[in-house]
Amino acid sequence: MNQPSPLASWNGEIMPLTEVRVPVLDRAFLFGDAIYEALRVYEGRPFLVDEHMARLRRSLDQIRIEADVDRIERRLFELLERHPVRSGLVYLQVTRGVAPRTHYFPANPTEPNELIYVSPLDDDPHARHRETGVDVITFDDLRWKRCDIKSVNLLANCMAAQAAREAGCAEAILVAADGAITEGSHTSVFGVRDGAVMTAPLARNILPGITRSLVVELADRAGIPIREEPLSRDRLSEVDELFLTGTTAEVLPVTRVDDQPIGSGQPGEVTRQIAAAYRGHVADWLAGAPAPAR
Ligand code: PDD
């Protein structure tokens, strides 16, 4: 089936994504001076909008970009009304705007530039992986010290993801200098040991994942103990199960790390239980969410 082309809102003006033109002096182009979000669209409806808008607001505040997040949210819904997507992804980016190139924040930049686009998402490859589990590699966490800010500076994440791809793996999990696993190149990482779920605590070295937070809540509701403590690279052999979470990954079992099996080498029971709770939560939300206005 032919999928509809991605549609964009560039500062509120709706156009095909391929027609958006960004000025070269935009600080996102020169410095990566921008914040982004990625939201999942199910049945044409954006999932966890309030949570993504709250994180967007926080990231913008942290780097002092003044943007109207309520207006961005309205524009996101306008865009979705204009696009026939059912299973999709919304990408949203706010840059500090255009100004003569100086490292310090310019006194008079243009207004922030805002890009929102919606594109169809083929979930089939992920759906297969959720059944079989995936292999991952470990990779040095080469990133800066404010990974809690969702900035577009993703070079270290891209290098890690590329290393995973070259190794035939789905993701790279990042290991800090002290041996602690922080997160994946574009996912959060969870382990299961003796029936309890473990994940790195929220701090400046990881992104506060929206899916992470939902999974912590769902596990808690299911009576599964949660321990927010770092997993360590050296003790991965003691972990019974490992899984990744993220907006597009959802809950993805990991069966091998650096060619070594995790637990039985098959997706684990606790992971399956949490993945089922996640799908159930999405289904309940869809059943209760207002229909898209079209
Ligand atoms: N990535 N950690 C990192 C470094 C990420 O980039 C992401 C998301 C996550 C998971 O966060 P969430 O559950 O809020 O999606 C964790 C998005 C999807 C991306 O870069 O496209």
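Just so it is clear, the structure is predicted and the values come from calculations on it, not from any experiment.

Comments concerning the pairing of strand β11 (residues 196-199)
Consideration 1: In β11, alternate side chains face the same way, and those of Ala 196 and Met 198 on one face and Val 197 and Thr 199 on the other are all buried.
Consideration 2: The turn linking strand β10 (residues 188-193) back onto β11 is made up of two residues, and Asp 194 within it adopts a positive phi angle of 50 degrees.
Consideration 3: By the bridge criterion, three bridges tie β11 to strand β12 (residues 226-228) in an arrangement that is parallel. For Val 197, the partnering residue across the bridge sits in β12 and is Ile 226.
Consideration 4: A crossover connection joins β11 to the parallel β12 through helix α6 (residues 210-221); in handedness this β-α-β unit is right-handed.

Examining the pattern of salt bridges
Consideration 1: Enumeration over the complete set of coordinates arrives at 22 salt bridges.
Consideration 2: The salt bridge involving Arg 256 is made with Asp 259; its shortest N-O contact spans 4.0 Å.
Consideration 3: Here the salt bridges share partners, and the residues they tie into one network are Arg 40, Asp 123, Arg 130, Glu 250 and Arg 279.

Comments concerning the site of the ligand
Consideration 1: In the neighbourhood of the ligand, 17 residues make up the surrounding shell, with Tyr 36, Glu 183, Ile 210, Thr 211 and Thr 247 lying closest.
Consideration 2: One nitrogen or oxygen atom from the main chain of Thr 187 is found 3.5 Å from a nitrogen atom belonging to the ligand.
Consideration 3: Note that an oxygen atom of the ligand is positioned 2.5 Å from one of the side-chain N or O atoms of Thr 211.
Consideration 4: In the complex, 88% of the free accessible area of the ligand, which totals 480 Å², lies under the protein chains.
Consideration 5: At the level of secondary structure, the elements contributing two or more residues to the shell around the ligand comprise β9 (180-184) and α6.
Consideration 6: Residue classes in the shell around the ligand are distributed as three nonpolar, 10 polar and four charged.

Examining the sheet that holds strand β6 (residues 113-120)
Consideration 1: If you trace the six strands from one edge of the open sheet to the other, you get β2-β1-β6-β5-β3-β4, paired in antiparallel fashion. Every interior strand has two partners, whereas the edge strands, β2 (13-16) and β4 (45-46), have only one.
Consideration 2: Strand contacts of helix α2 (residues 49-62): β3 (34-42), β4 and β5 (88-95), with the helix running at about 175 degrees to β3, the strand carrying the most contacts.
Consideration 3: Running at roughly 80 degrees to β3, helix α7 (residues 269-288) makes contact with β3 and β4 of the sheet.

Criteria and cut-off values
Residues numbered from 1 in each chain as written. Predicted model: local features only at pLDDT ≥ 70, side-chain atom pairs only at ≥ 80, totals over all residues. Heavy atoms only, no water. Buried < 20%, exposed > 50% of the residue type's maximum accessible area, 1.4 Å probe, protein only. Helix = DSSP H or I, 4+ residues; strand = E, 2+ residues; numbered from the N terminus. Pairing = 2+ DSSP bridges. Right-handed = clockwise from strand over helix to strand, strands pointing away. Salt bridge = Lys/Arg side-chain N within 4 Å of Asp/Glu carboxyl O. Near = heavy atom within 4 Å. Polar contact = N/O pair within 3.5 Å; in protein donor to acceptor, adjacent residues only side chain to side chain. Areas by Shrake-Rupley, 256 points an atom, 1.4 Å probe, with all protein chains shown as cover. Nonpolar A, V, L, I, M, F, W, Y, C, P; charged D, E, K, R; others polar. Contact = heavy atoms within 4.5 Å. Axes fitted to C-alpha atoms, helices over the stretch in contact; angles between N-to-C directions.

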